[in-house]
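# Notes for the structure review
Chain residues, written in single-letter form:
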Amino acid sequence: MNIEPSSPLVAQFRDLIADRLGLQFDETKLGNLARVLSRHGGKDMPAYLAMLAAEPERSEVLHRLAVDLTVTETYFYRNFEQIQAFAEVAMPACLLARGGLPVRVLSAGCASGEEPYTLAIAAREAAGLGPGSVWIRAIDANPAMLAKAGSARYSAWSLREVNPAMRERWFARDGELYALNDGVRRSVRFEQRNLAQEDAELWAPDSYDIVFCRNVLMYFSPEQAQAAVARIVGAMAPGGYLFLGHAETLRGLSNDFHLCHTHATFYYRRKLQADEPAPAMQAGPPAWTEEPFRPLLPNDPAWVDAIARAAQRIDTLAVKVPQAAGDPAEAQPDLHHALSCLHKEQFEQSLALIEKLPQQYADDPDVLLLKAVSLSQSGALSAAGHICHALLARDELNAGAHYVLALCHEEDGDNSAALAHYRSAVYLDSSFALARLHIGVLERRMAELEAARRDLAQALILLQHEEPSRLLLFGGGFPRSALIDLCRAELAALGVSP
Ligand SMILES: C[S@@+](CC[C@H](N)C(=O)[O-])C[C@H]1O[C@@H](n2cnc3c(N)ncnc32)[C@H](O)[C@@H]1O
């Protein structure tokens, strides 16, 4: 039986899927959801939906749905840099912490097995590691993908990032396909599990040293992604490593990790909790800061939005600052005014207004960011840098703090440190136009011309859509049109006519 995408039954189906599988579908996908509901719900869709709502956690019904609803794209050695960081940073550090016992790896959302098998191969290929160094558990909700993983036979397309010598070492030709080496195959255990559900055994404390959860959470609703990350955190060893897809970040999802940056890629390392002894591993990369973590706005239910929109929060705070009795003019400093002073390059006034804030507001991350911007633009680089480091000690995923720190390094002539922080800023917030613009300008200066063309072209698009409040905060006093002109001029100098 067919059903209209606008039917309330489809809306109910969409909510149930988000709740049971974590997957979020926007309005444009309702037609597809209607088709899937018709196929699975048969003649009595309300009864089917009632059954779905009542099904126990590991139901066959859900798994059958996962076959039709999940995106399963994957291949061997996807994001090669992350595999290098796994083999050269995470594995050695975790082996040390484990005192030589196998490192426990979870591939969460493993699809047809290419990811966990890649990790098994990488552990065998890496100098100083070996077959016994790693134990890999791989889970997915889609039984069709797990069946393919079990057969361990792959097309040339799946192996497109594997070089011929490695293909020769780890695969044998089997007609049109390539059959994986038996030893590698046996080193991965596949299980049908649902990342969106509680599961005491799967998420038992201290179960995994390294977790790969790549290109899975991007399909989840924000609430389910947050809940899944919380389960992962709870199941990880102190100091363990988490790899997300290269376009995914933990920003707004968790503050339980340090951000790591090596091999031109980003990944995370679980922070130690107050009562946890430091593991015997110190071979990992330096995190941006080792200062103790203080939670960001822990009681504010809107914190996810708040950190995503730092500049906008300054507006909110400006409204929230209370008026003290006695001296209204002194007690109600105006952050709009501070921002507008910044825009007019009246840095001292802007700083004076910030200084007048009551302590509770002066400590707010976004006010601190405003202060850091004012300081950096007035030339007080070391004071600005100090505030950024303090901000990053509280929240390493603060894209604005990375950006201002990058400005300070750039001003100081340290282009590679500047680039590293600008790259962190765009990794954490891919729509951050000004950070992308600076990356392009620096790349041109450093004669990385192809990269400069790509980044400046992207900056040009982003600048046209950047939030006005963010341009005001980070734009160095330049209006949007001037920044766009600058970007165009940089592109023209690179021979691109935008
Ligand atoms: C795009 S693939 C990613 C594969 C691999 N991690 C990679 O990056 O190449 C996403 C996988 O997540 C799985 N998945 C989606 N929702 C899931 C859930 N709730 N529980 C377990 N796996 C899920 C899908 O079945 C799919 O195989």
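A brief look at the structure comes next. Everything numeric here is computed off the predicted structure, so don't read it as measured data.

Analysis parameters
Residues numbered from 1 in each chain as written. Predicted model: local features only at pLDDT ≥ 70, side-chain atom pairs only at ≥ 80, totals over all residues. Heavy atoms only, no water. Helix = DSSP H or I, 4+ residues; strand = E, 2+ residues; numbered from the N terminus. Buried < 20%, exposed > 50% of the residue type's maximum accessible area, 1.4 Å probe, protein only. Contact = heavy atoms within 4.5 Å. Areas by Shrake-Rupley, 256 points an atom, 1.4 Å probe, with all protein chains shown as cover. Pairing = 2+ DSSP bridges. Right-handed = clockwise from strand over helix to strand, strands pointing away. Phe/Tyr/Trp six-rings, centres within 6.5 Å; stacked < 30°, edge-to-face > 60°. Axes fitted to C-alpha atoms, helices over the stretch in contact; angles between N-to-C directions. Parallel < 35°, antiparallel > 145°, perpendicular 65-115°, else oblique. Nonpolar A, V, L, I, M, F, W, Y, C, P; charged D, E, K, R; others polar. Core = buried A, V, L, I, M, F, W, Y, C linked by side-chain atoms within 4.5 Å. Salt bridge = Lys/Arg side-chain N within 4 Å of Asp/Glu carboxyl O.

### What about the overall build of the protein chain?
Along the protein chain, the regular secondary structure elements total 24 helices and 10 strands. For the protein chain, the residues scored as buried account for 54% of the 498 residues in total. For the protein chain, long-range pairs separated by at least 24 residues make up 71% of all intrachain contacts whose partners lie at least 6 apart in sequence. As displayed, the protein chain has an accessible area near 21800 Å², and 53% of this comes from carbon and sulfur atoms.

### What about the pairing of strand β7 (residues 208-213)?
Burial analysis of β7 places 6 of its 6 residues in the buried class, the great majority of the element. As paired strands, strand β1 (residues 103-108) and β7 are joined by 3 bridges and run parallel to one another. Paired with Ser107 across the bridge in β7 is Phe212. Pairing of β7 with strand β8 (residues 236-244), which is carried by 5 bridges, proceeds in the parallel orientation. Considered in β8, the bridge of Tyr208 is made with Met236. At this point the chain moves from β7, through helix α10 (residues 222-235), to the parallel β8, and the crossover so formed is right-handed.

### Some points on the environment of Gln226
By the element assignment, Gln226 lies in helix α10. With relative accessibility at 25%, the residue Gln226 sits in the partly exposed group. Between the C-alpha atom of Gln226 and that of Leu250, which follows or precedes it by 24 residues, the distance is 8.8 Å.

### Quick notes on the packing of aromatic side chains
Taken as a whole, this structure holds 17 aromatic pairs when the rule is applied. Ring plane angle 90° and centroid distance 5.3 Å describe the contact between Phe76 and Phe171, whose orientation is recorded as edge-to-face. Here Phe76, found in the loop between α4 (60-69) and α5 (80-97), pairs with Phe171, found in strand β4 (residues 171-174); they are 95 residues apart in sequence, far enough to count as distant. Look at Phe76 and you get buried, because its relative accessible area is 0%.

### Comments concerning the packing of helix α3 (residues 45-54) against α4
Contact pair α3 / α4: the axes reach a minimum separation of 9 Å and the direction vectors enclose 110°. Comparing their axes, α4 and α3 come out roughly perpendicular. Contacts between α3 and α4 pair Tyr48, Met51 and Leu52 from the former with Val61, Leu62 and Leu65 from the latter. Per-class residue counts for the contact of α3 with α4 are 6 nonpolar, no polar and no charged.

### Examining the nonpolar core
In this structure, Phe13, Leu242, Tyr268 and Tyr403 are the most contacted members of the largest nonpolar core, which totals 113 residues. For this core, the leading source of residues is helix α19 (residues 399-411), giving 8 residues. One finds Phe86, Val103, Leu159 and Cys260 within the second-largest nonpolar core, a separate group that totals 45 residues.

### Describing the pattern of salt bridges
Inspection of every chain in the model, using the stated rule, returns 29 salt bridges. A salt bridge links Asp429 to Arg251, with the nearest nitrogen and oxygen atoms 3.9 Å apart. Of this pair, Asp429 sits in the loop between α20 (415-428) and α21 (433-445) while Arg251 sits in the loop between β8 and β9 (257-262), placing them 178 residues apart in sequence. A salt bridge links Asp429 to Arg470; the shortest N-O distance between them is 2.5 Å. A residue pair is termed long-range when its members are at least 10 positions apart, and Asp429 in the loop between α20 and α21 and Arg470 in helix α23 (residues 468-474) qualify at 41 residues. Here the two residues Asp429 and Arg470 agree in accessibility, since each one is buried. In this structure, a network of salt bridges that share partners links the residues Arg137, Arg189, Glu191, Arg193, Asp199 and Glu201.

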